Amino acid sequence: MARQILLINPWITDFAAYDFWLKPLGLLYLAGLLRANGHKVDFIDCLDPFDPEMAAKAGKPPRRHPFGHGRFFRREIEKPEALAAFPRSYCRYGMDPDIFRVRLARHAGIDLVLITSMMTYWYPGVFEAIRIVKEEMPGVPVALGGKYASLCPEHAHIHSGADYIVQGRGEKAVLKMIADRFGDPHGFVPDEKDLDSLPWPAFDLLSHLDQVPIITSLGCPYRCSYCSSHLFYKGYLRRDPLRVADEIEHWQRRFSVTDFSFYDDALLVDPQGMIVPLLAELKKRGLSCRFHCPNGLHVREITPDMSRLLFSSGFKTIRFGFETADFQMQKETGGKVANDELKKTVAALKNAGYRTADIGVYLLCGIPGQKTADVSMSIDFVLNCGAKPVLAEYSPIPGTKMWPEAVAASPFDIAREPLYHNNTLLSCRNEDFTYEAYSRLKAQLKSMRYA
Ligand code: B12
Ligand code: SF4
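Being a predicted model, the structure only gives us computed values, none of them experimental. (Residues numbered from 1 in each chain as written. Chains lettered and ligands numbered in written order. Predicted model: local features only at pLDDT ≥ 70, side-chain atom pairs only at ≥ 80, totals over all residues. Heavy atoms only, no water.)

Some details on helix 14 (residues 372-385)
Where we set the bar: Only DSSP runs of H or I with at least four residues qualify as helices, and only runs of E with at least two residues qualify as strands; both kinds are numbered from the N terminus onward. Each residue after the first adds 1.5 Å to the expected span of a helix. Only protein chains enter the calculation, and the probe is 1.4 Å; a residue is then buried if its accessible area is under 20% of its type maximum, exposed if over 50%, and partly exposed in between. We call two residues contacting when some pair of their heavy atoms lies within 4.5 Å.
Its 14 residues give helix 14 an end-to-end C-alpha distance of 20 Å, which sits within 8% of 20 Å, the value for a rise of 1.5 Å per residue. All buried positions along helix 14 are accounted for by T372, D374, V375, S378, I379, F381, V382 and C385. Contacts from the buried residues of helix 14 go to strand 14 (315-323), helix 12 (327-333), helix 13 (339-352), strand 15 (359-365), strand 16 (388-393) and helix 16 (435-446). Where helix 14 ends, the next residue or the one after it, G386, has phi of about 100 degrees, a positive value.

Here's what the structure looks like:
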């Protein structure tokens, strides 16, 4: 029997948040699947930066960039007790809770509510959404999935108020939940290992489609000690490049989308298996796109040919996961990159037409035991290569190889309280790499001008 299912993308609660091509991709994949099973899907996007009611209330909409990133609506709120000592204001990003309540009231006859979660330390916004749903829709079961639910399941079981906590991928889990709860037989069950068997994400549920995130693969062949990719995806699964081209063509022709962001962890690995045939196919079909890679590309995969291909195919936002120029640290954390590879990569990209400001290189700062001099040296190295250093504060993630070291090094109780995973806190700072030292480096980079 067709069920009426309400999907909710909850608020972000943080010291700072910027929409770097963020869309609730996992939840919208589930929406596509539920529709393919004949269910009726409703959606509330607490983060919608285009919400007209919020814009009227706030006086103006948040500033957005034509490439599909920009600000969220936001309100300063009281800090959770655990963060009270941290001297920065704290906000709820997205629509006001009173508007959320009114929206909920418009959805009658809901059988099940599905709520997603992203960063572990954003759980207060998730809990608030669950609490309000429970008040406005008494008796309706609420399921919680996504990154926080997967990485901190015990915390979520004890504190969230949800009836179901789902860890990991949601496709089979959500269909099983519906079958168990309502006794409905399974309809279409996709093969989770065949990513092309999944219906496309239901982006039409968004109020305004300024950009579309694309996944061509799940997982990563590397095992960096600070990263949780392998906890979500056991292997490295890839789609058929022609099916990815079909999807991009669909969003462009039917919804006039130009900007696409890749959420892959390893987009460029084995280029002949994906990126080369995909971009050739898009060209053949006469599609004109801009591509953005906020999640970081692998330095190692860039050759002069690849650089020219990316440049001519419209790759506008290039970010690399480089993390550090310290050889020992590179080796100890997984060996995904070496210094000479970054040098060659930047030179190849420059020859292809990219400018310094176009080539962002992520540097992890605040990993356990790291010294200020390590980060300074890495910044200098990236600048000397001719690229733009982008500081990425280390966020400790439960279950990763580095986690026990992070628990031992952190002045915060990160094992008990996910709020302390917040990258803004620099949870594993030490006497040498202090918050002040980090702030100085950040200010130094902010004042730099790139060609
Ligand atoms: C896109 C992305 C970003 C983007 C966009 C984020 C933004 N704020 O704008 C960028 C690149 C900017 C980013 C930044 C950061 N990120 Co990030 N990011 C991701 C990424 C690659 C994709 C998430 C995603 O959509 N996946 C795809 C969908 C399909 O999967 P999914 O959401 O998990 O959904 C599935 C299931 O979870 C489930 N599901 C989901 N919802 C629900 C709901 C229900 C009810 C059910 C049943 C199931 C279910 O079903 C879905 C389908 O199977 C993940 C890693 C990854 N590979 O997933 C990291 C990840 C979430 N990021 C992470 C980190 C560390 C960061 C940074 C802190 C990095 C840094 N040091 O700067 C920053 C902080 C950003 C911030 N404060 O805003 C960590 C999480 C950390 C944490 N403590 O929670 C992750 C897991 C990666 C990692 N390194 O381990 N990120
Ligand atoms: S290469 Fe990137 S995605 Fe892969 S394990 Fe390392 S940090 Fe994670």
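From this point, the narrative continues.
Here we look at the layout of surface pockets
Just so we agree on the cut-off: As defined here, a cavity is a set of points on a 1 Å grid over the protein atoms alone where a 1.4 Å probe fits but cannot get out. A pocket is an open set with protein on both sides within 12 Å along at least five of seven lines, and residues line them when an atom is within 4 Å of a point. Grid points are joined across faces, edges and corners, and a volume is the space filled by probe spheres set on the points. In this classification, the charged set is Asp, Glu, Lys and Arg, the nonpolar set is Ala, Val, Leu, Ile, Met, Phe, Trp, Tyr, Cys and Pro, and all remaining amino acids, among them Gly, are polar.
Roughly 230 Å³ of volume is contained in the second largest pocket. At four residues, the largest contribution of residues to the lining of the second largest pocket is made by helix 10 (residues 275-284). Considered class by class, the residues forming the lining of the second largest pocket number seven nonpolar, four polar and two charged.

Some thoughts on the sheet that holds strand 14
Selection criterion: Paired strands, in this sense, are two strands between which DSSP finds at least two bridges. Interaxial angles span 0 to 180 degrees and are taken between N-to-C directions of axes, which are lines fitted to C-alpha atoms, for helices over the stretch in contact.
Overall, parallel pairing links the six strands, which are arranged 9-12-13-14-15-16 in an open sheet. Looking along the sheet, the strands with just one partner apiece sit at the ends: strand 9 (212-214) and strand 16. With strand direction ignored, the average angle separating the axes of adjacent strands in the sheet is 30 degrees. Relative to strand 12 (residues 259-262), strand 9 runs parallel, the two sharing three bridges. In the sheet register, V212 faces strand 12, and the bridge partner there is F260. Contacting strand 9, strand 12 and strand 13 (290-292), helix 9 (residues 241-255) runs over the sheet at an angle of about 180 degrees to strand 9.

Structural notes on the packing of helix 1 (residues 25-36) against helix 7 (residues 171-182)
Our working definition: What sets the label is the angle itself: under 35 degrees gives roughly parallel, over 145 gives roughly antiparallel, 65 to 115 gives roughly perpendicular, and the rest give oblique. In this scheme, a crossing is called left-handed if the near helix is turned counterclockwise away from the far one by less than a right angle; it is called right-handed if the turn is clockwise.
Viewed as axis vectors pointing N to C, helix 1 and helix 7 meet at an angle of 45 degrees, and their least axial separation amounts to 10 Å. Comparing their axes, helix 7 and helix 1 come out oblique. For the pair helix 1 and helix 7, the sense of crossing is right-handed. Facing L30, L33 and L34 of helix 1, the residues of helix 7 in contact are E171, V174, L175 and I178.

A closer look at the state of the cysteines
Our working definition: The term disulfide is used for any two cysteine sulfur atoms that are within 2.5 Å.
Counted according to the given criterion, the structure contains zero disulfides. With no disulfide partner, C91 has as its closest neighbouring cysteine sulfur the one in C46, 16 Å distant. Take C91: its relative accessible area is 4%, and that puts it in the buried class.

A word on the nonpolar core
This is how it is decided: Only buried residues count toward a nonpolar core. Its members are Ala, Val, Leu, Ile, Met, Phe, Trp, Tyr and Cys residues joined through side-chain atoms within 4.5 Å. What marks off one domain from the next here is an automatic or database domain assignment.
Ranked by internal contacts, the top residues of the largest apolar core, which has 135 residues, are F100, V113, L144, I248 and F315. When residues in this core are grouped by element, the largest group, eight residues, is from helix 1. Residues from two domains meet in this core; each of domain 1 (4-182) and domain 2 (211-446) gives at least three. With sequence-adjacent residues up to four places away left out, F315 is seen in contact with F262, L267, I275, L279, F291, C293, L310 and Y354. The next biggest cluster of nonpolar side chains, apart from the first, holds seven residues, and it includes L47, F72, Y121 and W122.

Quick look at the site of ligand 1
As a reminder, the rule being used: Whether a residue is near a molecule or strand depends on its heavy atoms: it is near if one of them lies within 4 Å of it. Polar contact is defined as a pair of N or O atoms within 3.5 Å, subject to the rule that within protein one atom must be able to donate a hydrogen and the other to accept it, and that residues adjacent in sequence are counted only when both atoms are side-chain atoms.
Residues in contact with ligand 1 amount to 37 residues; listed here are only the nearest, T116, T120, K147, S228 and E393. Within the backbone of F20, a nitrogen or oxygen atom sits 3.3 Å from an oxygen atom of ligand 1. At 2.7 Å, a side-chain N or O of K147 approaches an oxygen atom of ligand 1. Counting residues per element, the ones that place at least two in the shell around ligand 1 are helix 1, strand 6 (112-115), strand 7 (142-144) and strand 16. Grouping the constituent residues of the shell around ligand 1 by class yields 21 nonpolar, eleven polar and five charged. Of the residues that make up the shell around ligand 1, three or more belong to each of domain 1 (4-182) and domain 2 (211-446).

Re the pattern of salt bridges
To keep it simple, the criterion reads: Within this document, salt bridges are pairs made up of a side-chain nitrogen of Lys or Arg and a carboxyl oxygen of Asp or Glu, the two lying within 4 Å of each other.
Taken as a whole, this structure holds 36 salt bridges when the rule is applied. Note that D19 is salt-bridged to R64, the shortest N-O span being 3.0 Å. Taken together, the residues span a long stretch of sequence, with D19 in the loop between strand 2 (12-14) and helix 1 and R64 in the loop between helix 2 (52-58) and strand 4 (74-77) at a distance of 45 residues. Classification of D19 as buried rests on a relative accessible area of 1%. The partly exposed category is assigned to R64, whose relative accessible area is 22%.

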